[in-house]
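# Fold and geometry: a report
Each chain, written out:
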Amino acid sequence: MDAATFTAVFAAAASSTTWIQTNLGKVTEVNHEGQTWTVLLPGMGTDEAGEATPSKARITGHHGFGGTEFADVEANWGQTMGVVDAAMAAARI
């Protein structure tokens, strides 16, 4: 996969309205180019001193015709903010 594909997947996740709680955290599934991509909402990480530090959204894999491929593609901060905003908007009542 190339950077343009990853950018498109993060953009699709930034407009997602459906988020599912898993044991890894909240995820959304988006469709792009005939594949279903899973994007993980970032959680709060910790640094070496145990202080809370933000982390970035990630693509954890995709599946479709031909099988499943696991991945670990990190978003940039701008993409992460879009993904977080989408998840927050979906959680509002």
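In what follows, the structure referred to is the one given above.
Computed from a prediction, not measured in an experiment: that's the story for all the values here. (Residues numbered from 1 in each chain as written. Predicted model: local features only at pLDDT ≥ 70, side-chain atom pairs only at ≥ 80, totals over all residues. Heavy atoms only, no water.)

## Observations concerning the side chain of Ser-16
You can see Ser-16 is positioned in the loop between α1 (3-13) and β1 (20-22). Here Ser-16 falls in the buried class, since its relative accessible area comes to 10%. At 2.5 Å, the side chain of Ser-16 and the side chain of Thr-28 are in polar contact. (Helix = DSSP H or I, 4+ residues; strand = E, 2+ residues; numbered from the N terminus. Buried < 20%, exposed > 50% of the residue type's maximum accessible area, 1.4 Å probe, protein only. Polar contact = N/O pair within 3.5 Å; in protein donor to acceptor, adjacent residues only side chain to side chain.)

## Topic: the nonpolar core
Of all hydrophobic cores here, the largest spans 16 residues; its most connected members are Val-9, Phe-10, Trp-19, Trp-37, Val-39, Ile-59 and Val-83. Elements represented by at least two residues in this core include exactly α1, β3 (35-40) and α2 (77-91). Looking at this core, the element that brings in the most residues is α1, giving four residues. If sequence neighbours within four positions are ignored, Ile-59 has contacts with Phe-6, Val-9, Phe-10, Trp-37, Thr-38, Val-39, Ala-71, Asp-72 and Val-73. (Core = buried A, V, L, I, M, F, W, Y, C linked by side-chain atoms within 4.5 Å. Contact = heavy atoms within 4.5 Å.)

## Re the pairing of strand β7 (residues 67-74)
When strand β6 (residues 58-64) meets β7, the two strands line up antiparallel, connected through six bridges. Among the inter-strand pairings, His-62 is bridged to a residue of β7, identified as Glu-69. Connecting the antiparallel pair β6 and β7 is a turn made up of two residues, with Gly-66 showing a positive phi of about 110 degrees. (Pairing = 2+ DSSP bridges.)

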